[in-house]
Amino acid sequence: MQVRCLASTRYHEDAWEGQELEEEDGKNRHEVSDDVEKDQEPRMEDDNHGESVEGRSTPVVDERLDQARPVSRSTSQSSSGHEPTSNGGTDSSSEDTSTSSSTTSSSAPHTSCIQEAQLSPDGSCIFTSTYARSFTVYPIPPSILSAPHPQPLTPYATFTSPDPNWSFACTPLFDIADPSTTHVLLSRRDRYITLHNALWDINAAHPTNGDAPIDISAPLASYKLISPLTEAVTAPLSLTYTHAGTHFFAGLTNTIALFDLEYQDNPTLRIPTIPSARSKLKGGGVGFKGVVSALSLSPSTTFSRAGMLAAGARTRHVGLYDAGSAGEITTFSLPGTVDGRNVRDESVRAVMGRGVSCVRWSPCAKYLYVAERRSDVLFIYDVRKFSLALGYCGGRQAQTNQKLGFDVWNAGASPYDVEAVSHEVWAGGTDGCIRVWRDPHMKEGGVEADEIAKVGEGDMPVVGTMVHASGSLAVAACGRLDVGDEMEGTGGMRRGGGRMPSFKERGSLDILGLT
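Residues numbered from 1 in each chain as written. Predicted model: local features only at pLDDT ≥ 70, side-chain atom pairs only at ≥ 80, totals over all residues. Heavy atoms only, no water.

A. Representation of unusual backbone geometry in the model. Notably, Arg133 is not glycine yet its phi reads approximately 65 degrees, a positive angle. Examined against the element boundaries, Arg133 turns out to sit in the loop between strand S3 (125–130) and strand S4 (134–139). Even without being glycine, Gln397 reaches a positive phi, approximately 60 degrees. Exposure remark for Gln397: the relative accessible area of 36% places this residue in the partly exposed category. (Helix = DSSP H or I, 4+ residues; strand = E, 2+ residues; numbered from the N terminus. Buried < 20%, exposed > 50% of the residue type's maximum accessible area, 1.4 Å probe, protein only.)

Encoded structure:
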(Lines give C-alpha, C1' and ligand atoms only; values in the text may rest on other atoms or scores of the structure.)
Protein backbone atom coordinates (compact mmCIF):
# COMPACT_ATOMS: atom_id res chain seq x y z
CA MET A 1 0.00 0.00 0.00
CA GLN A 2 1.34 3.41 -0.99
CA VAL A 3 0.14 6.56 0.77
CA ARG A 4 0.55 10.14 -0.40
CA CYS A 5 -0.82 13.39 0.97
CA LEU A 6 -3.51 14.93 -1.25
CA ALA A 7 -4.68 17.81 0.96
CA SER A 8 -3.86 19.10 4.40
CA THR A 9 -4.39 22.00 6.76
CA ARG A 10 -0.60 22.06 7.15
CA TYR A 11 -0.30 23.93 3.84
CA HIS A 12 -1.38 27.37 2.72
CA GLU A 13 -2.38 28.30 -0.80
CA ASP A 14 0.30 30.99 -0.93
CA ALA A 15 2.99 28.47 -0.10
CA TRP A 16 2.10 26.20 -3.01
CA GLU A 17 1.74 29.12 -5.42
CA GLY A 18 5.18 30.30 -4.35
CA GLN A 19 6.62 26.81 -4.71
CA GLU A 20 5.25 26.42 -8.24
CA LEU A 21 6.64 29.77 -9.28
CA GLU A 22 9.98 29.06 -7.65
CA GLU A 23 10.22 25.80 -9.60
CA GLU A 24 9.44 27.67 -12.80
CA ASP A 25 11.94 30.35 -11.77
CA GLY A 26 14.66 27.74 -11.31
CA LYS A 27 13.83 26.15 -14.63
CA ASN A 28 14.08 29.50 -16.40
CA ARG A 29 17.37 30.26 -14.66
CA HIS A 30 18.76 26.96 -15.89
CA GLU A 31 17.59 27.57 -19.45
CA VAL A 32 19.00 31.09 -19.52
CA SER A 33 22.33 29.99 -18.06
CA ASP A 34 22.64 27.39 -20.82
CA ASP A 35 21.96 30.05 -23.44
CA VAL A 36 24.56 32.32 -21.88
CA GLU A 37 27.18 29.58 -21.91
CA LYS A 38 26.49 28.89 -25.58
CA ASP A 39 26.74 32.57 -26.48
CA GLN A 40 29.93 33.27 -24.56
CA GLU A 41 32.43 31.33 -26.76
CA PRO A 42 31.76 32.91 -30.16
CA ARG A 43 31.33 36.42 -28.72
CA MET A 44 34.35 36.68 -26.49
CA GLU A 45 36.01 38.79 -29.19
CA ASP A 46 33.22 41.36 -29.00
CA ASP A 47 33.98 42.23 -25.38
CA ASN A 48 36.44 44.93 -26.54
CA HIS A 49 33.97 46.47 -28.97
CA GLY A 50 31.42 47.65 -26.40
CA GLU A 51 28.90 44.85 -27.09
CA SER A 52 29.52 42.74 -24.05
CA VAL A 53 27.74 39.53 -23.31
CA GLU A 54 26.48 40.97 -20.07
CA GLY A 55 24.93 43.93 -21.82
CA ARG A 56 22.78 41.79 -24.12
CA SER A 57 21.93 38.80 -21.95
CA THR A 58 21.10 40.50 -18.67
CA PRO A 59 17.80 42.08 -19.86
CA VAL A 60 16.64 38.69 -21.09
CA VAL A 61 17.39 37.12 -17.71
CA ASP A 62 15.61 39.89 -15.81
CA GLU A 63 12.55 39.59 -18.06
CA ARG A 64 12.21 35.87 -17.52
CA LEU A 65 12.78 36.15 -13.79
CA ASP A 66 10.24 38.93 -13.43
CA GLN A 67 7.64 36.77 -15.15
CA ALA A 68 8.39 33.74 -12.99
CA ARG A 69 9.16 35.49 -9.70
CA PRO A 70 6.63 34.55 -6.98
CA VAL A 71 4.92 37.37 -5.16
CA SER A 72 3.55 36.31 -1.80
CA ARG A 73 0.67 38.05 -0.08
CA SER A 74 2.66 38.60 3.08
CA THR A 75 5.43 40.34 1.11
CA SER A 76 3.03 42.54 -0.82
CA GLN A 77 1.18 43.53 2.35
CA SER A 78 4.32 44.33 4.31
CA SER A 79 5.70 46.46 1.46
CA SER A 80 2.47 48.30 0.67
CA GLY A 81 3.02 51.91 -0.26
CA HIS A 82 6.57 51.35 -1.58
CA GLU A 83 7.48 50.88 -5.21
CA PRO A 84 9.59 47.80 -6.00
CA THR A 85 13.06 48.51 -7.34
CA SER A 86 14.75 46.82 -10.30
CA ASN A 87 18.40 47.80 -10.17
CA GLY A 88 20.19 44.75 -11.40
CA GLY A 89 21.09 41.58 -9.58
CA THR A 90 21.17 43.02 -6.04
CA ASP A 91 17.47 43.91 -5.89
CA SER A 92 16.53 40.70 -7.65
CA SER A 93 18.29 38.58 -5.04
CA SER A 94 16.67 40.48 -2.19
CA GLU A 95 13.23 39.85 -3.66
CA ASP A 96 14.03 36.16 -4.04
CA THR A 97 15.15 35.96 -0.42
CA SER A 98 12.02 37.62 0.95
CA THR A 99 9.77 35.39 -1.13
CA SER A 100 11.53 32.24 -0.02
CA SER A 101 11.25 33.14 3.66
CA SER A 102 7.53 33.94 3.40
CA THR A 103 6.91 30.62 1.68
CA THR A 104 8.80 28.71 4.32
CA SER A 105 6.99 30.38 7.19
CA SER A 106 3.57 29.63 5.72
CA SER A 107 4.32 26.05 4.68
CA ALA A 108 3.57 24.46 8.06
CA PRO A 109 0.52 26.06 9.73
CA HIS A 110 -1.50 24.19 12.34
CA THR A 111 -5.09 24.17 13.48
CA SER A 112 -6.23 23.67 17.04
CA CYS A 113 -5.82 20.25 18.65
CA ILE A 114 -8.49 18.01 17.09
CA GLN A 115 -10.46 15.98 19.62
CA GLU A 116 -12.73 14.00 17.30
CA ALA A 117 -13.28 13.68 13.56
CA GLN A 118 -15.92 11.99 11.42
CA LEU A 119 -16.56 11.48 7.72
CA SER A 120 -20.00 12.20 6.31
CA PRO A 121 -21.95 9.14 5.08
CA ASP A 122 -21.77 10.32 1.47
CA GLY A 123 -18.02 10.87 1.76
CA SER A 124 -18.15 14.55 0.79
CA CYS A 125 -17.31 16.33 4.08
CA ILE A 126 -15.15 15.98 7.16
CA PHE A 127 -16.36 17.12 10.58
CA THR A 128 -13.98 17.99 13.42
CA SER A 129 -14.26 19.25 16.98
CA THR A 130 -11.18 20.92 18.45
CA TYR A 131 -9.71 21.88 21.79
CA ALA A 132 -10.54 25.52 20.95
CA ARG A 133 -14.23 24.59 21.37
CA SER A 134 -14.96 24.89 17.66
CA PHE A 135 -16.85 22.64 15.29
CA THR A 136 -15.60 22.78 11.69
CA VAL A 137 -16.69 21.34 8.35
CA TYR A 138 -14.10 20.62 5.64
CA PRO A 139 -15.35 19.68 2.14
CA ILE A 140 -13.36 17.14 0.13
CA PRO A 141 -12.49 18.64 -3.29
CA PRO A 142 -13.99 16.56 -6.14
CA SER A 143 -10.76 16.73 -8.19
CA ILE A 144 -8.46 15.86 -5.32
CA LEU A 145 -7.18 12.63 -6.85
CA SER A 146 -5.89 14.40 -9.95
CA ALA A 147 -4.06 17.21 -8.10
CA PRO A 148 -0.31 17.28 -8.89
CA HIS A 149 0.65 18.28 -5.35
CA PRO A 150 -1.00 18.48 -1.91
CA GLN A 151 -3.78 21.05 -1.81
CA PRO A 152 -4.53 23.41 1.09
CA LEU A 153 -7.50 22.22 3.12
CA THR A 154 -9.64 25.11 4.32
CA PRO A 155 -12.86 25.08 6.37
CA TYR A 156 -16.18 25.70 4.67
CA ALA A 157 -18.29 26.22 7.79
CA THR A 158 -17.55 26.55 11.49
CA PHE A 159 -18.68 27.94 14.80
CA THR A 160 -17.10 28.35 18.22
CA SER A 161 -18.91 27.73 21.48
CA PRO A 162 -18.12 29.03 24.97
CA ASP A 163 -18.49 25.46 26.21
CA PRO A 164 -16.46 22.44 25.05
CA ASN A 165 -17.90 19.99 22.55
CA TRP A 166 -18.39 16.56 24.08
CA SER A 167 -19.81 14.66 21.13
CA PHE A 168 -21.41 15.04 17.71
CA ALA A 169 -23.13 12.83 15.15
CA CYS A 170 -24.02 13.19 11.48
CA THR A 171 -27.32 12.01 10.06
CA PRO A 172 -27.09 8.84 7.92
CA LEU A 173 -29.20 10.63 5.27
CA PHE A 174 -26.51 13.27 4.71
CA ASP A 175 -26.40 14.36 1.05
CA ILE A 176 -24.36 17.40 0.09
CA ALA A 177 -26.68 18.04 -2.88
CA ASP A 178 -29.77 18.20 -0.63
CA PRO A 179 -29.65 21.04 1.96
CA SER A 180 -32.54 19.50 3.90
CA THR A 181 -30.37 16.50 4.87
CA THR A 182 -27.08 18.17 5.85
CA HIS A 183 -27.69 17.99 9.59
CA VAL A 184 -25.44 17.28 12.57
CA LEU A 185 -26.16 16.86 16.28
CA LEU A 186 -23.87 18.44 18.87
CA SER A 187 -23.53 17.87 22.59
CA ARG A 188 -21.87 20.61 24.64
CA ARG A 189 -21.25 20.87 28.35
CA ASP A 190 -24.24 22.15 30.36
CA ARG A 191 -26.29 22.77 27.21
CA TYR A 192 -29.17 21.17 25.37
CA ILE A 193 -28.42 18.87 22.45
CA THR A 194 -28.59 21.06 19.35
CA LEU A 195 -29.30 20.28 15.71
CA HIS A 196 -27.39 22.33 13.11
CA ASN A 197 -27.26 22.57 9.35
CA ALA A 198 -23.62 21.81 8.60
CA LEU A 199 -23.46 23.76 5.31
CA TRP A 200 -25.92 26.64 5.59
CA ASP A 201 -26.38 29.66 7.82
CA ILE A 202 -30.10 29.61 8.54
CA ASN A 203 -30.05 33.29 9.59
CA ALA A 204 -28.58 34.49 6.29
CA ALA A 205 -31.05 35.46 3.57
CA HIS A 206 -28.56 34.66 0.84
CA PRO A 207 -25.41 32.49 0.81
CA THR A 208 -22.26 34.48 1.50
CA ASN A 209 -19.63 34.79 -1.19
CA GLY A 210 -16.72 35.80 1.03
CA ASP A 211 -13.64 33.79 1.89
CA ALA A 212 -14.58 33.50 5.57
CA PRO A 213 -16.18 30.21 6.71
CA ILE A 214 -19.94 30.13 7.03
CA ASP A 215 -21.29 30.62 10.53
CA ILE A 216 -23.49 27.64 11.46
CA SER A 217 -23.93 28.49 15.13
CA ALA A 218 -27.69 29.03 14.84
CA PRO A 219 -29.44 25.76 15.79
CA LEU A 220 -32.37 24.28 13.96
CA ALA A 221 -33.70 22.63 17.13
CA SER A 222 -32.73 21.96 20.74
CA TYR A 223 -33.43 18.74 22.62
CA LYS A 224 -33.81 18.94 26.36
CA LEU A 225 -32.10 16.40 28.55
CA ILE A 226 -32.73 17.29 32.18
CA SER A 227 -32.09 15.13 35.20
CA PRO A 228 -35.40 14.26 36.90
CA LEU A 229 -33.71 14.31 40.33
CA THR A 230 -31.55 17.45 40.25
CA GLU A 231 -33.14 19.29 37.29
CA ALA A 232 -29.64 19.86 35.94
CA VAL A 233 -29.04 20.02 32.21
CA THR A 234 -27.20 16.86 31.20
CA ALA A 235 -24.97 16.66 28.14
CA PRO A 236 -24.27 13.19 26.69
CA LEU A 237 -20.76 11.97 25.94
CA SER A 238 -21.86 9.93 22.92
CA LEU A 239 -24.44 10.28 20.15
CA THR A 240 -25.58 8.14 17.24
CA TYR A 241 -28.51 8.14 14.81
CA THR A 242 -30.86 5.33 13.93
CA HIS A 243 -30.74 3.96 10.39
CA ALA A 244 -33.93 5.78 9.45
CA GLY A 245 -32.51 9.11 10.62
CA THR A 246 -35.68 10.00 12.56
CA HIS A 247 -34.36 9.18 16.05
CA PHE A 248 -31.05 9.27 17.85
CA PHE A 249 -29.46 7.74 20.96
CA ALA A 250 -27.57 9.65 23.65
CA GLY A 251 -25.22 8.07 26.18
CA LEU A 252 -25.57 9.24 29.81
CA THR A 253 -24.64 7.97 33.25
CA ASN A 254 -26.29 4.55 33.74
CA THR A 255 -28.76 5.44 30.97
CA ILE A 256 -29.19 5.57 27.21
CA ALA A 257 -31.78 8.11 26.04
CA LEU A 258 -33.75 7.76 22.80
CA PHE A 259 -34.95 10.99 21.14
CA ASP A 260 -37.43 11.65 18.39
CA LEU A 261 -36.30 14.50 16.12
CA GLU A 262 -39.87 15.81 16.05
CA TYR A 263 -40.18 16.02 19.83
CA GLN A 264 -37.78 18.32 21.69
CA ASP A 265 -38.99 18.47 25.29
CA ASN A 266 -37.91 15.07 26.60
CA PRO A 267 -36.51 11.78 25.36
CA THR A 268 -39.19 9.39 24.22
CA LEU A 269 -37.51 6.48 26.02
CA ARG A 270 -34.81 5.92 28.63
CA ILE A 271 -32.90 2.62 28.59
CA PRO A 272 -31.24 1.94 31.96
CA THR A 273 -27.93 0.09 31.81
CA ILE A 274 -28.59 -1.19 35.35
CA PRO A 275 -31.96 -1.69 37.08
CA SER A 276 -30.82 0.19 40.19
CA ALA A 277 -28.04 2.74 40.44
CA ARG A 278 -27.63 2.14 44.17
CA SER A 279 -26.44 -1.44 44.06
CA LYS A 280 -25.67 -3.86 41.29
CA LEU A 281 -27.13 -6.73 43.27
CA LYS A 282 -30.63 -5.29 42.96
CA GLY A 283 -32.50 -6.53 39.94
CA GLY A 284 -30.65 -9.83 39.74
CA GLY A 285 -27.15 -8.37 39.43
CA VAL A 286 -27.48 -7.62 35.71
CA GLY A 287 -26.31 -4.59 33.77
CA PHE A 288 -23.44 -2.24 34.50
CA LYS A 289 -22.78 1.16 35.97
CA GLY A 290 -20.88 4.05 34.46
CA VAL A 291 -21.02 6.80 31.89
CA VAL A 292 -21.83 5.55 28.40
CA SER A 293 -18.88 7.02 26.51
CA ALA A 294 -19.24 5.23 23.16
CA LEU A 295 -22.19 4.20 20.98
CA SER A 296 -22.31 2.31 17.69
CA LEU A 297 -25.23 0.91 15.69
CA SER A 298 -24.68 -2.26 13.68
CA PRO A 299 -25.87 -2.67 10.08
CA SER A 300 -29.28 -4.23 9.56
CA THR A 301 -29.40 -8.00 9.88
CA THR A 302 -31.96 -10.69 9.21
CA PHE A 303 -32.91 -10.94 12.88
CA SER A 304 -32.74 -7.19 13.61
CA ARG A 305 -33.64 -4.77 10.85
CA ALA A 306 -33.07 -1.79 13.15
CA GLY A 307 -29.64 -3.09 14.11
CA MET A 308 -27.96 -3.75 17.46
CA LEU A 309 -26.79 -0.86 19.59
CA ALA A 310 -23.41 -1.34 21.28
CA ALA A 311 -22.76 0.88 24.30
CA GLY A 312 -19.34 1.11 25.96
CA ALA A 313 -18.79 2.60 29.41
CA ARG A 314 -15.82 4.07 31.25
CA THR A 315 -16.13 1.24 33.76
CA ARG A 316 -14.85 -1.20 31.08
CA HIS A 317 -18.26 -2.69 30.31
CA VAL A 318 -20.14 -3.12 27.03
CA GLY A 319 -23.87 -3.59 26.59
CA LEU A 320 -25.87 -4.70 23.55
CA TYR A 321 -29.44 -3.55 22.93
CA ASP A 322 -32.01 -4.05 20.21
CA ALA A 323 -32.39 -0.69 18.48
CA GLY A 324 -35.97 -1.51 17.48
CA SER A 325 -37.46 -2.72 20.77
CA ALA A 326 -34.84 -1.08 23.08
CA GLY A 327 -34.52 -4.38 24.90
CA GLU A 328 -31.28 -5.54 26.45
CA ILE A 329 -29.54 -8.40 24.63
CA THR A 330 -26.49 -8.91 26.84
CA THR A 331 -23.80 -7.13 28.83
CA PHE A 332 -20.21 -8.15 29.47
CA SER A 333 -17.03 -6.76 30.97
CA LEU A 334 -13.66 -6.48 29.25
CA PRO A 335 -10.77 -8.79 30.22
CA GLY A 336 -9.38 -7.92 33.64
CA THR A 337 -12.64 -6.56 35.10
CA VAL A 338 -14.91 -8.65 37.35
CA ASP A 339 -18.04 -7.23 39.04
CA GLY A 340 -16.99 -3.71 38.17
CA ARG A 341 -13.50 -4.01 39.65
CA ASN A 342 -10.15 -4.45 37.96
CA VAL A 343 -8.38 -7.61 39.05
CA ARG A 344 -4.65 -7.88 39.63
CA ASP A 345 -3.82 -10.43 37.00
CA GLU A 346 -0.47 -10.09 35.30
CA SER A 347 -1.63 -12.20 32.36
CA VAL A 348 -4.14 -9.54 31.24
CA ARG A 349 -2.49 -6.39 32.57
CA ALA A 350 -0.88 -5.71 29.17
CA VAL A 351 -4.30 -5.46 27.47
CA MET A 352 -6.18 -3.56 30.17
CA GLY A 353 -7.15 0.07 29.60
CA ARG A 354 -8.94 2.89 31.40
CA GLY A 355 -12.44 2.68 29.97
CA VAL A 356 -14.09 2.26 26.59
CA SER A 357 -13.47 5.16 24.21
CA CYS A 358 -14.76 3.80 20.87
CA VAL A 359 -16.74 0.83 19.54
CA ARG A 360 -17.23 -0.19 15.90
CA TRP A 361 -19.12 -2.96 14.10
CA SER A 362 -17.86 -4.99 11.19
CA PRO A 363 -19.78 -4.58 7.89
CA CYS A 364 -21.34 -8.02 8.34
CA ALA A 365 -22.56 -7.12 11.87
CA LYS A 366 -20.98 -10.30 13.28
CA TYR A 367 -17.94 -8.79 14.98
CA LEU A 368 -17.52 -5.93 17.40
CA TYR A 369 -14.28 -3.99 17.94
CA VAL A 370 -13.66 -2.19 21.23
CA ALA A 371 -10.98 0.43 22.00
CA GLU A 372 -9.97 1.86 25.38
CA ARG A 373 -7.98 4.77 26.67
CA ARG A 374 -4.38 4.00 27.64
CA SER A 375 -4.46 0.68 25.83
CA ASP A 376 -2.47 -0.54 22.82
CA VAL A 377 -5.04 -3.15 21.77
CA LEU A 378 -8.42 -3.35 20.03
CA PHE A 379 -10.56 -6.21 21.35
CA ILE A 380 -12.41 -8.40 18.85
CA TYR A 381 -15.73 -10.00 19.87
CA ASP A 382 -18.00 -12.41 18.02
CA VAL A 383 -21.66 -11.45 18.27
CA ARG A 384 -22.58 -15.12 18.72
CA LYS A 385 -20.51 -15.44 21.91
CA PHE A 386 -19.46 -12.42 23.95
CA SER A 387 -18.22 -14.29 27.01
CA LEU A 388 -14.70 -14.43 25.57
CA ALA A 389 -12.82 -12.17 23.18
CA LEU A 390 -11.66 -13.76 19.95
CA GLY A 391 -8.39 -11.86 20.04
CA TYR A 392 -7.06 -8.36 19.75
CA CYS A 393 -5.28 -6.04 17.33
CA GLY A 394 -1.96 -5.31 19.01
CA GLY A 395 0.74 -2.68 18.70
CA ARG A 396 -1.59 0.28 18.32
CA GLN A 397 0.62 2.68 20.36
CA ALA A 398 -2.24 4.33 22.27
CA GLN A 399 -0.95 4.75 25.83
CA THR A 400 -2.66 8.11 26.30
CA ASN A 401 -5.77 9.60 27.83
CA GLN A 402 -6.66 11.15 24.47
CA LYS A 403 -9.57 9.61 22.65
CA LEU A 404 -8.05 7.86 19.64
CA GLY A 405 -10.76 6.73 17.26
CA PHE A 406 -10.57 4.02 14.63
CA ASP A 407 -12.51 2.88 11.58
CA VAL A 408 -13.64 -0.44 10.07
CA TRP A 409 -13.67 -0.38 6.26
CA ASN A 410 -15.68 -2.72 4.03
CA ALA A 411 -13.14 -4.36 1.69
CA GLY A 412 -15.65 -6.36 -0.37
CA ALA A 413 -16.01 -10.13 -0.71
CA SER A 414 -14.04 -12.18 1.76
CA PRO A 415 -11.37 -14.58 0.44
CA TYR A 416 -12.15 -16.92 3.34
CA ASP A 417 -15.93 -17.27 2.96
CA VAL A 418 -18.08 -16.64 -0.11
CA GLU A 419 -20.95 -15.41 2.08
CA ALA A 420 -18.84 -13.22 4.35
CA VAL A 421 -17.51 -9.68 3.92
CA SER A 422 -13.83 -8.82 4.22
CA HIS A 423 -12.92 -5.75 6.22
CA GLU A 424 -9.94 -3.76 7.44
CA VAL A 425 -9.35 -1.99 10.76
CA TRP A 426 -7.61 1.40 10.56
CA ALA A 427 -6.34 2.99 13.77
CA GLY A 428 -3.91 5.78 14.63
CA GLY A 429 -1.41 5.99 17.46
CA THR A 430 0.59 8.45 19.51
CA ASP A 431 3.62 7.93 17.25
CA GLY A 432 1.87 9.69 14.36
CA CYS A 433 1.32 6.49 12.39
CA ILE A 434 -1.75 4.70 11.02
CA ARG A 435 -1.88 0.93 11.34
CA VAL A 436 -4.02 -1.37 9.21
CA TRP A 437 -5.19 -4.87 10.16
CA ARG A 438 -6.73 -6.98 7.37
CA ASP A 439 -9.41 -9.43 8.52
CA PRO A 440 -8.09 -9.68 12.08
CA HIS A 441 -11.15 -11.71 13.10
CA MET A 442 -9.79 -14.65 11.09
CA LYS A 443 -6.64 -14.85 13.24
CA GLU A 444 -5.96 -15.90 16.82
CA GLY A 445 -4.48 -14.11 19.81
CA GLY A 446 -2.59 -10.88 19.30
CA VAL A 447 -2.69 -9.75 15.68
CA GLU A 448 0.03 -7.39 14.46
CA ALA A 449 -0.66 -4.70 11.88
CA ASP A 450 -0.28 -5.57 8.20
CA GLU A 451 0.52 -2.02 7.09
CA ILE A 452 1.96 1.06 8.82
CA ALA A 453 1.87 4.58 7.34
CA LYS A 454 3.23 7.78 8.87
CA VAL A 455 1.13 10.95 8.79
CA GLY A 456 3.06 14.15 8.10
CA GLU A 457 6.19 14.38 10.23
CA GLY A 458 4.84 11.85 12.72
CA ASP A 459 5.05 14.38 15.55
CA MET A 460 1.37 14.37 16.56
CA PRO A 461 -0.97 11.59 17.75
CA VAL A 462 -3.54 10.48 15.18
CA VAL A 463 -6.84 10.96 17.02
CA GLY A 464 -9.10 9.95 14.15
CA THR A 465 -8.77 7.71 11.09
CA MET A 466 -11.52 7.36 8.49
CA VAL A 467 -11.49 5.50 5.17
CA HIS A 468 -13.64 6.57 2.22
CA ALA A 469 -16.13 4.00 0.98
CA SER A 470 -14.32 3.87 -2.37
CA GLY A 471 -11.08 2.86 -0.67
CA SER A 472 -9.08 5.49 -2.57
CA LEU A 473 -8.98 8.06 0.25
CA ALA A 474 -8.26 8.08 3.95
CA VAL A 475 -8.59 10.94 6.42
CA ALA A 476 -6.21 11.39 9.35
CA ALA A 477 -6.95 13.89 12.14
CA CYS A 478 -4.13 14.76 14.53
CA GLY A 479 -3.92 16.66 17.80
CA ARG A 480 -1.28 17.28 20.42
CA LEU A 481 -0.96 19.07 23.77
CA ASP A 482 2.45 20.08 25.14
CA VAL A 483 2.88 21.10 28.78
CA GLY A 484 5.93 22.39 30.64
CA ASP A 485 9.30 21.54 29.14
CA GLU A 486 7.63 19.85 26.15
CA MET A 487 6.49 23.27 24.88
CA GLU A 488 10.00 24.39 23.99
CA GLY A 489 10.66 24.34 20.28
CA THR A 490 7.15 23.28 19.27
CA GLY A 491 4.65 25.17 17.15
CA GLY A 492 1.02 25.73 17.93
CA MET A 493 -1.09 28.02 20.07
CA ARG A 494 -0.05 28.85 23.61
CA ARG A 495 -2.85 28.87 26.17
CA GLY A 496 -3.17 29.24 29.91
CA GLY A 497 -0.75 31.18 32.05
CA GLY A 498 -1.07 33.10 35.29
CA ARG A 499 -2.72 30.87 37.84
CA MET A 500 -3.53 28.33 35.17
CA PRO A 501 -0.88 25.97 33.79
CA SER A 502 0.63 26.98 30.45
CA PHE A 503 0.44 24.63 27.50
CA LYS A 504 0.57 24.56 23.73
CA GLU A 505 -1.93 22.81 21.51
CA ARG A 506 -1.88 22.12 17.79
CA GLY A 507 -3.47 19.82 15.26
CA SER A 508 -3.83 19.04 11.59
CA LEU A 509 -6.20 17.35 9.15
CA ASP A 510 -4.82 15.35 6.22
CA ILE A 511 -6.47 13.64 3.26
CA LEU A 512 -4.36 10.71 2.07
CA GLY A 513 -4.46 8.99 -1.30
CA LEU A 514 -4.26 5.19 -1.26
CA THR A 515 -2.85 3.06 -4.06
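Right, picking up where we left off after that structure.
B. Seen up close, the sheet that holds strand S8 (residues 183–188). Spatially, four strands are ordered S7-S8-S9-S11 in an open sheet, and the strand pairing comes out antiparallel. The sheet is open, and its two edges are formed by strand S7 (165–170) and strand S11 (221–223), each paired on a single side. Direction aside, the axes of adjacent strands within the sheet are offset by 25 degrees on average. In this structure, S8 lies alongside strand S9 (residues 193–197), joined through four bridges in antiparallel fashion. (Pairing = 2+ DSSP bridges. Axes fitted to C-alpha atoms, helices over the stretch in contact; angles between N-to-C directions.)

C. Geometry of the nonpolar core. One finds Leu334, Leu368, Val370 and Tyr381 to be the most contacted residues of the largest nonpolar core, which totals 20 residues. Those elements that place two or more of their residues in this core are strand S17 (308–313), strand S18 (317–322), strand S22 (356–361), strand S23 (367–372) and strand S24 (378–382). Counting residues per element, this core draws most heavily on S22, which supplies three residues. The residues contacting Leu368, other than those within four sequence positions of it, are Ala310, Val318, Leu320, Val359, Arg360, Trp361, Phe379, Ile380, Tyr381 and Phe386. With 19 residues, the next largest nonpolar core counts Ala7, Ile140, Ile144 and Leu509 among its residues. (Core = buried A, V, L, I, M, F, W, Y, C linked by side-chain atoms within 4.5 Å. Contact = heavy atoms within 4.5 Å.)

D. Structural detail: the packing of aromatic side chains. In this structure the tally under the stated criterion is 13 aromatic pairs. Each ring, one from Phe127 and one from Phe135, has its centre 6.0 Å from the other, and the planes form 10 degrees; the classification is stacked. Phe135 shares its class with Phe127; the two are buried. Summarising the aromatic geometry, the rings of Tyr223 and Phe248 are spaced 5.4 Å apart at their centres and angled 75 degrees between planes, so their arrangement reads as edge-to-face. Of the two residues, Tyr223 is situated in strand S11 and Phe248 in strand S13 (residues 247–251); the sequence distance between them amounts to 25 residues. The same class applies to Tyr223 and to Phe248, which are both buried. Among the aromatic residues, ring-to-ring pairing joins Phe127, Phe135, Phe159, Phe168 and Phe174 into one connected group. (Phe/Tyr/Trp six-rings, centres within 6.5 Å; stacked < 30°, edge-to-face > 60°.)

E. Expanded view of the sheet that holds strand S16 (residues 292–297). Judged by pairing direction, the sheet is antiparallel, and its four strands sit side by side in the order S16-S17-S18-S19 without closing on themselves. In the strand order of this sheet, the two ends are held by S16 and strand S19 (328–333), each with one partner. Averaged over all pairs of adjacent strands, the angle between strand axes in this sheet comes to 15 degrees, irrespective of strand direction. Here five bridges tie S16 to S17, and the two strands are oriented antiparallel to one another. Bridging from a neighbouring strand, Ser296 pairs with Ala310 of S17.

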